[in-house]
Amino acid sequence: MKGFVVALRRAKNEDSIAIVLTDKSARSYYRFFGARHSILQLGHLIDFEVEGEDGRFLPRLRSLSQMGFKWLRDRNRLMLWHNFIKLFEPHLRDTEELDRFYFDLLLKAARKWDKQNPKRIVCESYVELLKFEGRIYPIGKCYICEQDLGESVSLMTSFKPAHPECIYASAINKSKIDEFFREGKTIYLNDSEIDILYSVVIKGL
Ligand SMILES: [Zn+2]
């Protein structure tokens, strides 16, 4: 099986518990510490087998190998990747079966992480996720006061639109946001607008 390590916690004796997102599930697995074992790291794509699936304890990861991306050695890109991938565990917690959409979304993002501004990839991936989950809000009325929006809008978590003065947040041109939601592309947004949108996404999916 292949999956992304979306969360990693220390257990006793340097063992660890990893939450791995595959194309079918986001589940916890136990990993025994061993000098000859490859080190499990947050955000990595791993290929693995599972043992002890039907026992009383957490199933265990075995025959694990890391599937590398060149940018994993780039500290800044890796930090942005951690910020992004960490959002998936709380979002998908308690989901038994998972559509492969989430795994595919991460894989697609990882494959182009070094070819574009990663913050743009985060924003575009998030719009794709909101569409998939049927959570895109129409850009008409303010989510807070329910009055018509003007030329400038701010976005709250889940990219809910609001008047900048209603949520005391930075504003972006409404037609640019509209275009972004419809096309799923950030080409009309400049880097400082991307920074604003990125800071909304990393508050939570
Ligand atoms: Zn308002």
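Residues numbered from 1 in each chain as written. Predicted model: local features only at pLDDT ≥ 70, side-chain atom pairs only at ≥ 80, totals over all residues. Heavy atoms only, no water.

Counting residues in hydrophobic clusters, the biggest one holds 53 residues, and the most contacted among them are Phe4, Trp81, Phe88 and Phe159. Per-element tally for this core: the top contributor is helix α3 (residues 101–112), with eight residues. Residue assignment places this core across two domains, with domain 1 (2–71) and domain 2 (75–201) each supplying three or more. Filtering out sequence-adjacent residues up to four positions away, Phe159 remains in contact with Cys123, Tyr126, Val127, Leu130, Phe180, Phe181, Leu197, Val200 and Val201. If you look at the next biggest cluster of nonpolar residues, it comprises nine residues, including Val5, Tyr29, Phe48 and Leu64. (Core = buried A, V, L, I, M, F, W, Y, C linked by side-chain atoms within 4.5 Å. Buried < 20%, exposed > 50% of the residue type's maximum accessible area, 1.4 Å probe, protein only. Helix = DSSP H or I, 4+ residues; strand = E, 2+ residues; numbered from the N terminus. Domains from an automatic or database assignment. Contact = heavy atoms within 4.5 Å.)

Let's shift gears to the sheet that holds strand β7 (residues 161–162). One open sheet holds the three strands; their spatial order is β7-β6-β8, and the pairing between them is antiparallel. Two strands in the sheet have a free side with no partner beyond their single neighbour: β7 and β8 (172–173). Alignment of strand β6 (residues 152–155) against β8, held across two bridges, turns out to be antiparallel. Each bridged residue has a counterpart across the sheet, and for Ser152 the counterpart in β8 is Asn173. (Pairing = 2+ DSSP bridges.)

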